[in-house]
Amino acid sequence: MKPFLKKSLFAITFQLLVASLLFSQTNESWQASKETVERLSKNQTEFNYYEEKVPAYTLPDALTTIKGQKITSKKEWEKLRRPELLELFTTQVYGRVPNTPYKTEFKIIKEDPNAMNGTATLKLVDIIISANAKSLTIHLGLFTPNKIKQPVPAFLLVCNRPPAENIDFTREKKSEFWPAEEVIARGYAVAAFYNGDVDPDKHDDFQDGIHALLDTKRNAESWGTLAAWAWGASRCLDYLETDKAIAADKVAVIGHSRGGKTALWAGATDERFAMICSNEAGCGGTSLARRKYGESIDRINKAFPHWFCTNYKNYSNRENEMPFDMHQLMALIAPRALYVAAASDDLWADPKGQYLALYHSLPAYQLYDKNTRLPEAMPPLNTPVRNGQVAYHVRDGAHNLTLKDWNFYMDHADVVLKKGK
Ligand code: GTR
């Protein structure tokens, strides 16, 4: 063979090899890296990170009622099964909102039509809740894009991180946790509130936050802090409904981790939310408890006893006896848009359990659109899988809410919230 032919044959083979390597990497279903599993398992036996140690389990069927009736239509779902499941999650997991009467007042405390170099209008809105001669203020910040004249879809972040660094409405401090400029540039309004305004993230036996206004004594079904934050998200939506710049039927609620659990519960309890983005929520949110992978119910109840209602403690180490699992919480979102996301290093939140929960919620979606399907195998890393209203991705890296996640969320919103435009 002539040397130049030999050379080019070598080059072609090499290129093919590289291409096939790249191809196989990007098309391979995600799985936890061995290194991460070993690292997290080192020196502890309490939490499992090995896929092969996940116990066999049977999930309660999303579409079979407690009495054993199989649901076959959306009418039956809405009349029988959905209310039943909502009641289960209310009494057994997140708790019931008391029916104490309260008053709401919206005060626009600042309006700046030249925010973000003239590209957005900023509104700072105090949402004042009063009851029993006490009051509490939720500080809502909202940017709307100036270049769009008709009402726009919006993202509302439940912010569970220090507000000064993460949701700075002056925009002096910018954070990927709430990339307001990027969201505006894509034609959405972007809003945020700090969860601590509604209820401080600590065990206090109903002495502070919204509990101090609306509750007296905690009983086994009383709402926990996650439900209080979800309630706060609904009060923000109450305001957004009054703002002419917002398409209130196209509001996405988004949250990370404990905020992601909150976003899910807000979506389940308040059907006005058109889209739910639950970022790395894991245990008590998006992952299947029966897999017993990463964080467990026992551990979450011990570490954060105030998050859930007291009844949830009954399921510590009794996952298989739960009359529900988290795929059914997701089913409560149907037929609205639901995006579940995970991160490759965040095995504590069980990326696979999150995907499977979404996958097993699909029968409820199929009552509305029988073509809503996802493959049973997980998608590759950094490759969102989307179908109809539902979507999922596993992003590379640590437990966090990043611009990459937001861009994936907005790609889905472009289809499900902006459709028909
Ligand atoms: C962890 C907790 C998780 C998750 C996380 C967060 O410590 O175990 O369930 O909620 O906090 O909110 O960042």
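Residues numbered from 1 in each chain as written. Predicted model: local features only at pLDDT ≥ 70, side-chain atom pairs only at ≥ 80, totals over all residues. Heavy atoms only, no water.

Asker: How should I be thinking about the pairing of strand β2 (residues 120–131) in this particular structure?
Answerer: Along any regular strand the residues' side chains alternate between the sheet's two faces. Counting buried positions along β2 yields 11 of 12 residues, so the element is predominantly enclosed. In terms of strand pairing, strand β1 (residues 103–114) meets β2 through nine bridges, oriented antiparallel. Looking at the pairing, Lys-110 lines up with Leu-124 of β2. As defined by bridge partners, β2 adjoins strand β3 (residues 134–145) across 12 bridges and the pair is classed as antiparallel. Residue Ala-120 lies in a different strand from β3, and its bridge partner there is Pro-145. What sits between β2 and β3 in their antiparallel hairpin is a turn of two residues, with Asn-132 showing a positive phi close to 50°. (Buried < 20%, exposed > 50% of the residue type's maximum accessible area, 1.4 Å probe, protein only. Helix = DSSP H or I, 4+ residues; strand = E, 2+ residues; numbered from the N terminus. Pairing = 2+ DSSP bridges.)

Asker: Help me out: how do you make sense of the site of the ligand in this one?
Answerer: Taken together, Ser-257, Arg-258, Lys-261, Glu-295, Arg-299, Ile-300, Phe-304, Trp-307, Trp-348 and His-399 form the complete shell of residues around the ligand. At 2.6 Å from an oxygen atom of the ligand is found a side-chain nitrogen or oxygen belonging to Glu-295. For the ligand, the protein covers 82% of the area, taking 320 Å² as the surface of the free molecule. Only α10 (258–269) and α11 (297–303) provide two or more residues apiece to the shell around the ligand. The residue makeup of the shell around the ligand, split by class, is four nonpolar, two polar and four charged. (Near = heavy atom within 4 Å. Polar contact = N/O pair within 3.5 Å; in protein donor to acceptor, adjacent residues only side chain to side chain. Areas by Shrake-Rupley, 256 points an atom, 1.4 Å probe, with all protein chains shown as cover. Nonpolar A, V, L, I, M, F, W, Y, C, P; charged D, E, K, R; others polar.)

Asker: I tried to follow the packing of helix α3 (residues 74–94) against α10 on my own but got confused; where do I start?
Answerer: When two helices pack together, their arrangement is captured by the angle between the axes and the distance separating the axes. Packing of α3 against α10 leaves a shortest axis separation of 11 Å and a crossing angle of 140°. In terms of axis orientation, α3 runs oblique to α10. The element α3 and its partner α10 pack so that their crossing is left-handed. Touching Arg-82, Leu-86, Phe-89, Thr-90 and Tyr-94 of α3 are Trp-265, Ala-268 and Thr-269, all from α10. Its residues placed into classes, the contact of α3 with α10 shows five nonpolar, two polar and one charged. (Axes fitted to C-alpha atoms, helices over the stretch in contact; angles between N-to-C directions. Parallel < 35°, antiparallel > 145°, perpendicular 65-115°, else oblique. Left-handed = near helix turned anticlockwise from the far one by under 90°. Contact = heavy atoms within 4.5 Å.)

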